[in-house]
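Examining the three-dimensional arrangement
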Amino acid sequence: EHVPQNILVTGGCGFIGTNFVHMVAEEHPETHVTVLDKLSYAGNPENLAGLDRGQIDLVVGDICDAAMLDEVVPGHDAIVNFAAESHNDNSIADPGPFVETNIVGTYQLLEAVRKYDVRYHHVSTDEVYGDMALEDRRRFEPDDPYRPSSPYSSTKAASDLLVRAWCRTYGIRATISNSSNNYGPYQHVEKFVPRTITNILTGRRPKLYGMGRNVRDWIHVEDHVHALWDILVRGRIGETYLVGARCEMSNAEVLGCILRLMGEPEDAYDKVAERPGHDVRYAIDPSKFEEELGWKPVHTDFEAGMRSTIAWYREHELWWKPVKEQTERRYEAMG
Ligand code: NAD
Ligand code: DAU
């Protein structure tokens, strides 16, 4: 077990990165964190408000900027990389930034890791495996082939392959985790769960793509960030870990749960156009990860996790209200 003293958290002002930094602040006060974030539309520096600035620093910068990495990376003993363009619908409308940040950005981080011999953890997604048929009883395993479908997931797959190659060829000390769909506080209102909640809170009808039969495998973000800490301190170099909570649900079921918890009629939503290339089902088998590192999810009751997530959005209107209108306008422009 190796507890890092000085971590660089790239993308630490986004959804999962913010939850990771808060967890470190609360549970590992001996570890210093430098957040490196470009503050794209998805990054909000307010997310770090209230944290001890002696422990948590913010550097505004782009992971594609090699000269800046030469300044910032030395002195850190580990990097956890959350920085990415993360939304499938945006990648379909405009894939360029995904190639840039997800592929070129990862490449620049890996080169810095090689140069300064820093431990690296790469945060990735179950979407790299592509989708699984609804009637198939299997779940993806770490060694399954990569078959990504969208511009987003193909750039994440490319970044994972770079990490694997740098590990084997240059012997960098890296691990990869591929997690399933996260939900919880600080998620951008472009994503399905917070979009649905904040649509209801602003008098808009939630939108369900296609028939709503697509299945996602849900994990509470707090369970994910604890898994990431375990991998960072106890994971085996070169390994891929699948982080999921065995919670497969169709989009229609998730929507039904939110409508019920918010006291809305069960038919108070609109069916809208299907997402092009829409993955049918994600499902990963976390057994290897659980057995090896002894991790277990705490938020095993999806409805309870969703109730507290809804409460968080009710209580943090000032956090999401300023970007709600523009997000919905962007959806309208996508058609
Ligand atoms: P997010 O979009 O909420 O946050 C991304 C953060 O990265 C933002 O703060 C943004 O400003 C920053 N960023 C973007 N481009 C950057 C650049 N070039 N340089 C520096 N910073 C940059 O994303 P998220 O949902 O928190 O996802 C974090 C990571 O986890 C991503 O790699 C994503 O692929 C992966 N992931 C997400 C989920 C999920 O359900 N959200 C599931 C599995 C894996
Ligand atoms: O599987 C992990 C992935 O989960 C991460 O890698 C991505 O970063 C993250 O964004 C998420 O990808 P999805 O495409 O699954 O998430 P999204 O929230 O965009 O959509 C979830 C499902 O809900 C998907 O099948 C599309 C559907 N959907 C989405 C929106 C925004 C709707 O039906 N209505 C909507 O309004």
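The paragraphs below set out a description of the structure included in this document. (Residues numbered from 1 in each chain as written. Chains lettered and ligands numbered in written order. Predicted model: local features only at pLDDT ≥ 70, side-chain atom pairs only at ≥ 80, totals over all residues.)

Another aspect to go through is the overall build of the protein chain. If you tally the helices and strands in the protein chain, you get 11 helices and 12 strands. For 335 residues, the compact-globule estimate of 2.2 N^0.38 gives 20 Å, and the protein chain sits close to it at 19 Å. A principal-axis box enclosing the C-alpha atoms of the protein chain has dimensions of 55 × 45 × 40 Å. Split into buried and exposed, the 335 residues of the protein chain put 46% on the buried side. Taking the intrachain contacts of the protein chain between residues at least 6 apart in sequence as the baseline, contacts between residues at least 24 apart amount to 81%. (Helix = DSSP H or I, 4+ residues; strand = E, 2+ residues; numbered from the N terminus. Rg over C-alpha atoms; globule rule 2.2 N^0.38 Å. Buried ≥ 20, exposed ≤ 12 C-beta atoms within 10 Å, placed from the backbone. Contact = placed C-beta atoms within 7 Å.)

Moving on to the pairing of strand β4 (residues 78-81). Looking along a regular strand, one sees side chains alternate from face to face of the sheet. On β4, burial covers both faces: Ala78 and Val80 on one face and Ile79 and Asn81 on the other are all buried. Both strand β1 (residues 6-10) and β4 contribute to a ladder of 4 bridges, which runs parallel. Its bridge partner being in β4, leucine 8 is matched across the sheet by isoleucine 79. (Pairing = 2+ DSSP bridges.)

A separate point is the packing of helix α1 (residues 15-27) against helix α7 (residues 221-234). Two numbers describe how α1 lies on α7: the axes approach to 9 Å, and their chain directions differ by 65 degrees. As summarised for this structure, α1 and α7 are arranged roughly perpendicular, according to the angle between their axes. The handedness of the crossing between α1 and α7 comes out as right-handed. Two secondary-structure elements touch here, α1 through Phe15, Ile16, Asn19, Phe20 and Met23 and α7 through Val221, Glu222, His224, Val225, His226, Leu228 and Trp229. Classifying every residue of the contact of α1 with α7 gives 8 nonpolar, 3 polar and 1 charged. (Axes fitted to C-alpha atoms, helices over the stretch in contact; angles between N-to-C directions. Parallel < 35°, antiparallel > 145°, perpendicular 65-115°, else oblique. Left-handed = near helix turned anticlockwise from the far one by under 90°. Nonpolar A, V, L, I, M, F, W, Y, C, P; charged D, E, K, R; others polar.)

Non-glycine residue leucine 39 carries a positive phi angle of around 55 degrees. Considering the arrangement of structural elements, one finds leucine 39 in the loop between β2 (32-37) and β3 (56-60). At arginine 246, a residue that is not glycine, the phi angle is positive and equals roughly 50 degrees. The exposure class of arginine 246 is partly exposed, given the 17 C-beta atoms found within 10 Å.

In spatial order, the strands read β7-β9-β11; together these 3 strands make up an open sheet with mixed pairing. Strands at the two margins of the open sheet, each flanked by one partner only, are β7 (181-183) and β11 (248-250). Here the strands of the sheet are splayed against their neighbours by 50 degrees on average, with no regard to which way each runs. Sheet topology places β7 next to strand β9 (residues 215-220); 3 bridges connect them, and they run parallel. Across the sheet, the residue bridging to asparagine 182 is isoleucine 219, located in β9. Each of β9 and β11 touches helix α8 (residues 251-261); the most contacted strand, β11, lies at about 85 degrees to it.

What follows concerns the site of ligand 1. As a structural note, the neighbourhood of ligand 1 is formed by 30 residues, with Gly11, Gly14, Phe15, Gly43 and Ala84 the closest of them. If you list the elements that add at least two residues to the shell around ligand 1, you get α1, α4 (96-116), β5 (119-125) and β7. (Near = placed C-beta within 6 Å.)

Looking at ligand 2, there are 19 residues lining it, with Ser86, Thr125, Lys191, Phe192 and Tyr209 nearest. Per-element accounting of the shell around ligand 2 gives the leading share, 3 residues, to strand β8 (residues 207-209).

Let us now look at the nonpolar core. Among the nonpolar cores identified, the biggest contains 74 residues, and Val9, Phe20, Val35, Val80 and Leu228 are the most heavily contacted of them. A per-element tally of this core places α7 first, with 7 residues. Setting aside anything within four residues of it in sequence, one finds valine 9 in contact with Gly17, Phe20, Val21, Val33, Val35, Val80 and Phe82. (Core = buried A, V, L, I, M, F, W, Y, C linked by C-beta atoms within 7 Å.)

Attention shifts here to the sheet that holds β3. Taken in spatial order, the 7 strands of this open sheet run β3-β2-β1-β4-β5-β6-β10, and their pairing is parallel. Every other strand in the sheet has two partners, leaving β3 and β10 (240-243) as the edge strands with one partner each. Strand-to-strand twist across the sheet, computed as the mean angle between neighbouring axes with direction ignored, equals 20 degrees. In the sheet, β4 pairs with β5 via 4 bridges, with the strands oriented parallel. The residue of β5 that forms the bridge with alanine 78 is arginine 119.

With that settled, consider α4. Taking 1.5 Å as the rise per residue, α4 with 21 residues should run 30 Å; its terminal C-alpha atoms sit 29 Å apart, in good agreement. Glycine 105 marks the point of greatest bend in α4, at about 25 degrees. Turning to α4, its buried residues are Phe98, Thr101, Asn102, Gly105, Thr106, Leu109, Leu110, Ala112 and Val113. On its buried face, α4 is in contact with β1, α2 (66-72), β4, α3 (88-93), β5 and α5 (151-170). One or two steps after α4, the chain reaches aspartate 117, where phi turns positive at roughly 50 degrees. (Expected span 1.5 Å × (residues − 1). Bend = angle between axes of the 7 residues up to and from the residue.)

Turning our eyes to something else, we now look at helix α6 (residues 192-201). For α6, a buried count of 9 out of 10 residues is recorded, marking the element as mostly surrounded by other parts of the structure. Along α6, the residues that are buried comprise Phe192, Val193, Pro194, Arg195, Thr196, Ile197, Thr198, Asn199 and Ile200. Taken together, the buried residues of α6 touch β7, α8, α10 (302-315) and α11 (317-334). Directly beyond the C-terminal end of α6, a positive phi value near 75 degrees is found at glycine 203.

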